[in-house]
Amino acid sequence: MRRRLAALPLLAVPILALAAALTGADGVRTAGAVAAADPLAVEAGFSALRAGGNAADAAVAVALALAVVHPEAGNLGGGGFAVIRQGGEVRALDFRETAPAGATRDMFLAPDRSPVPERSLVGPLAAGVPGSPAGLYELHRACGRLPWRDVVAPAIDLARRGFPVGEHLSRSIEDKADLLSRFRETSRIWLPRGHAPRPGTVMRLPILAGTLEAYARRGPRAILEGPAAEAIVRASRRHGGILTARDLAAYEPVWREPIRFEAFGWEIASMPLPSSGGILLGETLGLVERLGYDEIPRDDAARGHLLVEAWRRAFADRFLLGDPATTRASAAALLAPARLDALAAGVPRERASLSRDAEPGSLLPGAERRETTHLSVVDGDGDAVAMTVTLNGNFGCGLLVPEVGFLLNNEMDDFATAPGRPNLWGLVQGEANAVAPGKRMLSSMAPTIAWRGRDVLVLGSPGGSHIPTATAQVLLNVVVDGDRLSGAVERPRIHHQWLPDEVAAEPAWPDEARRALEALGHRVVEEDRIGEVHAVRRRADGTIEAAADPRGPGASGVEPGRRP
Ligand code: GLY
């Protein structure tokens, strides 16, 4: 199969002019836009839009295609979150993995109670109960309009007929060869003859195609019950995991109220617990707006200082968070305007504060990484889906279940496997996020939709703790500085997450701004890349922008739709 790229405006090419022409005097109606981590997945979204599908149909088609062509993070064996805006109503779907019923608080500790990180990262003991099969199906059931099998069809086609391995995929397999080579089941597919398939090799995945065909016929029961579920349990047991058939059959996605707030004249909806992403974003924007971010000249390092101080406080609060079923700190309390006023009043302008002084939950009343993948879709009606899916680390726990053809996640590492010690993302987390059976592990994913009247912006990012900070910066670039989307996504970024107490800056972050931050007392370190934001925007006049982050291999484009 040829890679059908010619028709796609790729990467972060500014395409506003193209989109405007498509909606112009010739009467062609723009059907929508898609941005995601792989051009073939973007094409799957377009095919759903062309068939008359809406943003939910397209988002599910993209996510399933990513499960084939972007196996680092696209998945059936992991989970994710989506924020959906349809007919003005906003909802959030949680299809996060859950801890198996046999999970225990200390399962990742050695007898001397020291953490054994490998256990929560490698092999199926690290795997939570997959949420994607039931979650993607539920998103389509509740919000889609195409027949289910039509939404799954592009992914089946990619797996059955094959797709050319891109340079990016070849490199990321090679980067994870140590992990993947631990499991014969995985090496057979992804390390044939001991190496990653070379770029251009056509990859056919007939077993995964069969799984997807069954999923198209019977929905999630085809994966979470019966022979497929038995195969998952067997593979897990064989390598020391604890997943059971009952865990798989019992999994349910949950509809939740999104985190909603206003900032800089825009309404914003993002993911609630068990993701901390929406709370982190709400605190960040709430604090920097109070601190006059928009009155500071764009290239002044004072803006960076305010962001860092906001993140320091927001990520300290993250220590209190976990599965909403067991978390006592509420989003409403953390984001209460009076609390944000008081937190903002405590931010020093002329020097860095210290993370050790940033108390989690202070002032409460009474108290690139590349992993993960994000996709953004907007359709011709302005309805939108922001979705982030993940296996946690690239290729998850490394184990591919041979009978179903997909990898299991290593999401258990997102729990505070040893409260107070850093996880894969360097995040120090609290008791609220300790391991417990059936519990959802805390995330940082922040699929986000922002709107002002009929102007709709959809965005999000992979990257663990980088997710909310990258998302916040792109959002600010658009809503405060009026950037076109491609420019907003491309601009260099910084990051801070309370602990460690350091500012990470991309190499392109200006030296002058770095020196200014250091003069205020911030420790600045270089970080290759911070997030990988894929965003689309439908302006009030119907023109559309789409931008894939040039930091990754993604693609974006506008689907022109049919003549009315
Ligand atoms: N697995 C990374 C996150 O959910 O934040």
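Residues numbered from 1 in each chain as written. Predicted model: local features only at pLDDT ≥ 70, side-chain atom pairs only at ≥ 80, totals over all residues. Heavy atoms only, no water.

Enquirer: Please set out the nonpolar core residue by residue, giving values where relevant.
Expert: If you look at the biggest cluster of nonpolar residues, it comprises 87 residues, and the most contacted ones within it are L64, V68, F163, L212 and M387. In terms of residue count, helix α3 (residues 55–69) provides more of this core than any other element does, 13 residues in total. Among all residues touching L212, those that are not within four sequence positions of it are L64, V68, L76, V152, A155, I156 and A159. In terms of nonpolar packing, the next biggest core, distinct from the first, is built from 65 residues, L307, W311, A329 and W509 among them. (Core = buried A, V, L, I, M, F, W, Y, C linked by side-chain atoms within 4.5 Å. Buried < 20%, exposed > 50% of the residue type's maximum accessible area, 1.4 Å probe, protein only. Helix = DSSP H or I, 4+ residues; strand = E, 2+ residues; numbered from the N terminus. Contact = heavy atoms within 4.5 Å.)

Enquirer: Break down the pairing of strand β19 (residues 544–547) for me, citing the residues and quoting the values.
Expert: By the alternation rule, side chains of β19 split into I544 and A546 and E545 and A547, which are all buried. Here strand β18 (residues 535–538) runs beside β19; their pairing, made up of four bridges, is antiparallel. Each bridged residue has a counterpart across the sheet, and for R537 the counterpart in β19 is E545. (Pairing = 2+ DSSP bridges.)

Enquirer: Break down the packing of aromatic side chains for me, citing the residues and quoting the values.
Expert: The tally for this structure, following the rule as stated, stands at three aromatic pairs. Each ring, one from Y137 and one from W148, has its centre 4.9 Å from the other, and the planes form 85°; the classification is edge-to-face. Pair noted here: Y137 is in helix α4 (residues 132–143) and W148 is in helix α5 (residues 148–161), with a separation of eleven residues, a long-range link. The class for W148 is buried, based on a relative accessible area of 10%. Here W148 and Y215 contribute two aromatic rings whose centre-to-centre distance is 5.0 Å and whose plane-to-plane angle is 90°, an arrangement assigned as edge-to-face. In this pair, W148 is assigned in helix α5 and Y215 in helix α9 (residues 206–218), connecting sequence segments 67 residues apart. Considered together, W148 and Y215 belong to a single accessibility category, that of buried residues. Through a chain of ring-to-ring contacts, the aromatic side chains of Y137, W148 and Y215 assemble into a single cluster. Seen from the ring of W451, R85 lies directly overhead, with NZ or CZ sitting 4.4 Å from the centre. (Phe/Tyr/Trp six-rings, centres within 6.5 Å; stacked < 30°, edge-to-face > 60°. Lys NZ or Arg CZ within 6 Å of the ring centre and 35° of its normal.)

Enquirer: Tell me what's going on with unusual backbone geometry, and back it up with residues and numbers.
Expert: Of the consecutive residues L273 and P274, the connecting peptide bond is found in the cis state with omega at 15°. Residue placement: P274 occurs in the loop between β8 (266–270) and α13 (277–290). With omega at -5°, the peptide bond leading from L499 into P500 counts as cis. Along the chain, P500 falls in the loop between β15 (494–495) and β16 (503–505). A positive phi angle, close to 75°, is found at W498, a residue other than glycine. Tracing the backbone shows W498 in the loop between β15 and β16. According to the relative accessible area criterion, W498 is buried, its value standing at 8%.

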